[in-house]
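Structural description and commentary
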Amino acid sequence: RYLPPAWFLDSTHRASLPSTRYPPPDFIMSAADLGLSLQGERTSGADVRSANVTAVMSLANILKSSLGPQGLDKMLVDDIGEVTITNDGATILKQLEVEHPAAKVLVELANLQDTEVGDGTTSVVIVAAELLKRANELVKNNIHPTTIISGYRLAMREAIKYIQANLSVPVDALEQDVLLSIAKTTLSSKFVGVDSDLFTKIVVDAMKSVKITNPDGKAKYPVSQVNIIKSHGQSSSESTLVAGGYAIQMARASQEMPTWVTGAKIALLDFDLKKHRMSMGVNIVIDDPQELERVRQKEMDLTKDKIKKIIDAGTNVLFTTKGIDDFAMKYLVDAGILAARRVDKKDIKRIAKCTGAQLLLTMANMDGEESFDPKYLGAADVVTEERVGDNDFIFIKGCKATKATTILLRGANEFMLEEAERSVHDALCAVGRTLESNSVVPGGGCVETALSLHLEDYARTFDSYEQWAIAEFAEALLVIPKTLAQNAALDAIDLLAALRVRHHAAQTGQDEKKKDYRWYGLDLTNGVVRNSVTAGVLEPMVSKLKSLKFATEAAITILRIDDLIKIALEQDQQ
């Protein structure tokens, strides 16, 4: 039926037209009739924001009590009864099976902080959640989310500029051993903090020993070059550092093999050493029974030749990711080779990197023959098998190609060992970042308090709505010192007031003596404020900058969401 243009007119004009010209109301089709409706639930506006904030805050509240040196641990039990005891933010969030889409953003945020920086995973989640909560309050007061986002971005840029200009200390300018202080600060909030003197030394020595220089002259400290192995028994204070060596939890393949090889030439194989068999689907038809014996002998000779070629290349240590059968073992024992089978792929790749060996998938060459070139061999000073606690370990010391170091952790039970490994990994990352960036900032809530005061002043330079967003950003940062004090059972309001007074004096006063107040942070043991730099409470500057950026970006990502549509399953799928 033809619709004249008058159908699009508003109601007042419509009324003046003859009724025959305008279609009856039941003619207008609904969205569902046109096939445009969504089968599912839709939440929008204030409802979805409130739901997101509630989900994010409940996640942050789980982590809050584990922040700082006096933070408490969490016990997590998964669906098969595996228990994890930790206070590492990223580990807690990884173990929680989070289903809420907005809360998942925070889980990814903690993982990002863990891979990029290594430490500060708890604080970055707490700051992001606080920023989001305050942004939601502003939205309720009729400030548009876009304005809040632009205010947050301005505040973040200013905060980063301020840290770099006023709060960073070059490592060379400090007399004390900064790296020990960095490692100690990181470990202070961990389970192994009681033995921090031993662990800080182990961590710093380990990171210094794996220094490599890039072609452009920049020094790099790859954390992956430090291997951490765990062994039950004794206390955590018995942990040791195997300098310049790599260790794997593995015993030699046969007890008749040597336990000590000097001037090691190491072959790495990714195939079986066992009696040769014809491949699948190959049949040999034999008429003469004597021929059968010759076929069997030839199969044995093929394996014997393969092993002989490896031995003739000068090999005296052999690792394979597959098996070695008794037949092949006999030849290796006769040649006095130390061999290990079923070595983990990850370990064998790292051994290849350290020793300069090449991992071989096959011995076939371009001519279709089998050969083993001595250039495939790696080199190390000593390869030994030693017993530590209840386990046998093979130590490769004095690797020739790149530097590698192993930290051997001891502990009473599995939970302690796993938590110690996570703590040491965080400390290694923090020390590595400090060595690469060469700048540190004071810890103990100092940076957050200084930024909060500075951003409050900075907000007043704007005469637009952004002023409110920047002021809320400033207020949100104080959640870190507040939580630190609360977890230490101290009066957060009192301590924060004392800290703010000092930072205000440092930022406004002309007196040189007062300028030193900018380094002041919380001393949670004695419940006072003190100079964090002289007390040795330091963190890598990169860690602070990245956590600010990541927290702001995560808050903005969730704040941008104003509609949540859950598509319902189709009937046949249900």
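Residues numbered from 1 in each chain as written. Predicted model: local features only at pLDDT ≥ 70, side-chain atom pairs only at ≥ 80, totals over all residues. Heavy atoms only, no water.

1. With respect to the overall build of the protein
- Each helix and strand counted, the protein has 18 helices and 21 strands in total.
- Whereas a compact globule of 574 residues would reach a radius of gyration of roughly 25 Å, the protein reaches 33 Å, over 25% beyond that.
- For the protein, the spread of C-alpha atoms along the principal axes amounts to about 110 × 85 × 50 Å.
- Of all 574 residues assigned to the protein, the portion counted as buried reaches 48%.
- Within the protein, contacts between residues separated by at least 24 positions form 73% of all contacts whose residues are at least 6 apart in sequence.
- Split by element, the accessible area of the protein, about 29,100 Å² in all, is 51% carbon and sulfur. (Helix = DSSP H or I, 4+ residues; strand = E, 2+ residues; numbered from the N terminus. Rg over C-alpha atoms; globule rule 2.2 N^0.38 Å. Buried < 20%, exposed > 50% of the residue type's maximum accessible area, 1.4 Å probe, protein only. Contact = heavy atoms within 4.5 Å. Areas by Shrake-Rupley, 256 points an atom, 1.4 Å probe, with all protein chains shown as cover.)

2. Let's talk about the sheet that holds strand β4 (residues 169-170)
- The strand order across the open sheet built from three strands is β4-β17-β20, with neighbouring strands paired in antiparallel fashion. A single partner strand is all that each edge strand has here, and the edge strands are β4 and β20 (538-540).
- Of the strand pairs in this sheet, β4 and strand β17 (residues 439-442) are connected by two bridges, and their pairing is antiparallel. Counterpart to Pro170 in the pairing with β17 is Ser439. (Pairing = 2+ DSSP bridges.)

3. Regarding the pairing of strand β3 (residues 83-86)
- Here β3 shows one buried face, formed by Thr84 and Thr86, and one open face, formed by Val83 and Ile85.
- Judged from the four bridges that link them, strand β2 (residues 74-77) and β3 form a sheet pairing that is antiparallel. For Met75, the partnering residue across the bridge sits in β3 and is Ile85.
- What sits between β2 and β3 in their antiparallel hairpin is a turn of five residues, with Gly81 showing a positive phi close to 90 degrees.

4. A look at the side chain of Arg350
- Mapped onto the fold, Arg350 is located in helix α11 (residues 345-355).
- It turns out Arg350 is buried and unbridged, and the closest side chain with the opposite charge, Asp347, is 4.9 Å from it.
- Filtering out sequence-adjacent residues up to four positions away, Arg350 remains in contact with Ser224, Gln225, Val226, Asn227 and Tyr246. (Lys, Arg positive; Asp, Glu negative; His and termini not counted. Salt bridge = Lys/Arg side-chain N within 4 Å of Asp/Glu carboxyl O.)

5. Considerations on the packing of aromatic side chains
- Enumeration over the complete set of coordinates arrives at six aromatic pairs.
- Look at Phe372 and Tyr376: their rings are 5.9 Å apart centre to centre, the planes differ by 80 degrees, and that puts the pair in the edge-to-face class.
- In this structure, Lys330 packs its charged tip against the face of Tyr331, placed 5.2 Å from the ring centre.
- Above the ring of Phe395, the side-chain terminus of Lys397 is found at 5.5 Å from the ring centroid. (Phe/Tyr/Trp six-rings, centres within 6.5 Å; stacked < 30°, edge-to-face > 60°. Lys NZ or Arg CZ within 6 Å of the ring centre and 35° of its normal.)

6. A short note on the environment of Asp272
- Following the sequence through the fold, Asp272 ends up in the loop between β10 (260-269) and α9 (289-312).
- For the pair Asp272 and Leu106, spaced 166 residues apart in sequence, the C-alpha separation works out to 45 Å.

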